[in-house]
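Spelled out from the first residue to the last, the chains are:
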Amino acid sequence: MKFAIALFSAAHAPSSRRALLFAQAALAGGHEIVRLFFYQDGVYNASTSVVTAQDELDLPRQWRELVADHQLDGVVCIAAALRRGVLNEEEASRYQRSVAVGAPWELSGLGQLHDAVQNADRLICFGGA
Amino acid sequence: MSTLHVLSHSPFGDDRLTSCLRIIGTDDGLLLCGDAVHALQPGTAPFNALSTRALKLFVLAEDAQARAVNVPDCAASIDYPAFVELSVHYDKVNSWL
Amino acid sequence: MAKSLLIISRQSPWSGPSAREALDIVLAGGAFDLPIGLLFLDDGVFQLATGQNARALQQKDLSANLQALPMFGVEELFVCADSACARGLSNFALEEAQGLAAHEVTALIDRYDQVITL
């Protein structure tokens, strides 16, 4: 089955870890993830600026590895990311800010969320607590 | 069509569980994860609200275990692979973010 | 046929960007001509209160975006009557929003392919 997974909470929220474990279990179960879409505070999961203590779960790194290992389509909502200071190289140079997100993530619009819904059998959202 | 509702907020001081129970359909399921598993504490108002309904009730095992919440017979304890299969079984998943 | 998506907006307009960002999903869907519905539930009904003054909080007015919904082709607009009643709201800033009883909300969710509750 084809899943679209949307994440709405920051990397330190329990729901973000839940989203990661769901994604890993879906792939392990032979399902396909058509897209990961990070919206609202979910954009922080793509940030390279998050520093995690050595004995804690580094969720942004885990997400990066998941996307890279499985060649997933990882999209960060550009409007939500700008609002929260998670800028890629292009946006950082446009607004003279620091770069906080890069490959394998792509910054794009909300149309990518709708596109994922259209192409998936299920949309699964994680966020809040 | 059936819906799997997913709650992750504590039912104490939050109205998601109340709203969810008001609109949940007869073919729907309810998965408690995160602090929402505290709704399984016997003798509490959320537990009583849940027990008076013939719901298909699921609980994410790791969250119950972490919080030392006992899973009653009326709820099925599930892991992540089962969560994935539940989301396949139901036509849609409504996470109350 | 395109899959339909229901957005359930549960946040007050003054509790952070959540209400606006829920609305942005709806407007984007409308712009792509997708079948989109929007339901105001719980504190989300405060988005429909009349006489709000965004400038008092140096915010942008959400009601202009709400009024734009029908222009974006989003005509499936609903408000949970129980939520509105419990919060003392009887007039809505969005005339097109149709009041629904609890069992009608159940039927509404049932009829959409996918749902996002924010």
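Residues numbered from 1 in each chain as written. Chains lettered and ligands numbered in written order. Predicted model: local features only at pLDDT ≥ 70, side-chain atom pairs only at ≥ 80, totals over all residues. Heavy atoms only, no water.

(A) Quick peek at the overall build of chain C. The helix and strand inventory of chain C stands at four helices and five strands. On C-alpha atoms alone, chain C measures out to a radius of gyration of 13 Å, which is about the 13 Å that the 2.2 N^0.38 rule sets for 118 residues. When each of the 118 residues of chain C is scored for burial, the buried share is 52%. Counting every atom, chain C has about 5,300 Å² of accessible surface; 50% of that belongs to carbon and sulfur. A distance of 7 Å separates the average location of the 7 positive side-chain charges in chain C from that of its 14 negative side-chain charges. (Helix = DSSP H or I, 4+ residues; strand = E, 2+ residues; numbered from the N terminus. Rg over C-alpha atoms; globule rule 2.2 N^0.38 Å. Buried < 20%, exposed > 50% of the residue type's maximum accessible area, 1.4 Å probe, protein only. Areas by Shrake-Rupley, 256 points an atom, 1.4 Å probe, with all protein chains shown as cover. Lys, Arg positive; Asp, Glu negative; His and termini not counted. Charge placed at Lys NZ, Arg CZ, Asp CG, Glu CD.)

(B) Looking closely at the interface of chain B and chain A. With 20 residues of chain B in contact, the opposing surface of chain A contributes 18 residues. When chain B packs against chain A, close to 1,500 Å² is buried across both sides, 63% of that on carbon and sulfur atoms. For chain B, the biggest contributors to the area lost against chain A are Tyr80(B), Val84(B) and Leu97(B); these three give 36% of the whole. Linking chain B with chain A are two salt bridges. For the side of chain B that touches chain A, the elements supplying multiple residues, two or more each, are helix 3 (61-66), helix 4 (80-89) and strand 5 (92-95) of chain B. When residues in the side of chain B that touches chain A are grouped by element, the largest group, seven residues, is from helix 4 of chain B. (Contact = heavy atoms within 4.5 Å. Buried area = accessible area lost by both parts, 1.4 Å probe. Salt bridge = Lys/Arg side-chain N within 4 Å of Asp/Glu carboxyl O.)

(C) Spotlight on the environment of Asp91(B). As for its placement among the helices and strands, Asp91(B) is situated in the loop between helix 4 and strand 5. Sequence-wise, Asp91(B) and Leu60(B) are 31 residues apart; in three dimensions their C-alpha atoms are separated by 20 Å. In contact with Asp91(B), not counting residues within four places along its chain, are Arg122(A), Met1(B), Ser2(B), Asp113(C) and Gln114(C).

(D) Representation of the pairing of strand 3 (residues 74-77) of chain A. Residues and elements named next belong to chain A. A two-sided burial pattern is seen for strand 3, the buried positions comprising Gly74 and Val76 on one face and Val75 and Cys77 on the other. Looking at chain direction, strand 2 (residues 32-38) and strand 3 are connected through three bridges and run parallel. Within the sheet, the bridge partner assigned to leucine 36 lies in strand 3 and is glycine 74. Each parallel crossover has a hand, and for strand 2 linked through helix 2 (residues 59-69) to strand 3 it is right-handed. (Pairing = 2+ DSSP bridges. Right-handed = clockwise from strand over helix to strand, strands pointing away.)

(E) Representation of the interface of chain B and chain C within the structure. Contacts between the two partners involve 17 residues from chain B, matched on the other side by 19 residues from chain C. Between chain B and chain C, the buried area comes to about 1,400 Å², and carbon and sulfur atoms account for 48% of it. Sorting the residues of chain B by area buried against chain C places Met1(B), Ile23(B) and Lys92(B) first, and these three jointly supply 37% of that buried surface. In this structure, Asp15(B) and Arg10(C) form a salt bridge, with 3.0 Å as the shortest nitrogen-oxygen distance. Where chain B meets chain C, there are ten residue pairs in polar contact (both at pLDDT 80 or more). (Polar contact = N/O pair within 3.5 Å; in protein donor to acceptor, adjacent residues only side chain to side chain.)

(F) Structural view of the packing of aromatic side chains. One pass over the full model with this rule turns up nine aromatic pairs over all chains. With a centroid separation of 6.3 Å and 40 degrees between ring planes, the pair formed by Phe37(A) and Tyr39(A) is classed as tilted. Ring centres 5.3 Å apart and planes at 70 degrees place the aromatic pair Phe38(A) and Trp63(A) in the edge-to-face group. In this pair, Phe38(A) sits in strand 2 while Trp63(A) sits in helix 2, placing the two residues 25 residues apart along the sequence. Here Phe38(A) and Trp63(A) have matching classes, each one buried. Among the aromatic residues, those joined into a cluster by ring pairs are Phe3(A), Phe22(A), Phe126(A), Tyr80(B) and Phe83(B). (Phe/Tyr/Trp six-rings, centres within 6.5 Å; stacked < 30°, edge-to-face > 60°.)

(G) Structural view of unusual backbone geometry. Residues and elements named next belong to chain A. Proline 104 follows alanine 103 through a cis peptide bond whose omega is 5 degrees. By the secondary structure assignment, proline 104 is in the loop between helix 4 (89-95) and strand 4 (105-108). Non-glycine residue glutamine 71 carries a positive phi angle of around 50 degrees. Within the secondary structure, glutamine 71 is located in the loop between helix 2 and strand 3. Taking the relative accessible area as the measure of exposure, glutamine 71 reaches 71% and is therefore exposed. Positive phi, normally seen in glycine, also occurs at glutamine 96, with a value near 55 degrees. Mapped onto the elements, glutamine 96 comes out in the loop between helix 4 and strand 4.

(H) The arrangement of the side chain of Ser16(A) in detail. All names here are of chain A. Mapping serine 16 onto the fold places it in helix 1 (residues 14-28). At 2.6 Å, the side chain of serine 16 and the backbone oxygen of alanine 10 are in polar contact. Apart from the residues lying within four places of it in its own chain, the contact partners of serine 16 are Leu7, Ser9, Ala10, Ala11, Asn45, Leu59 and Trp63.

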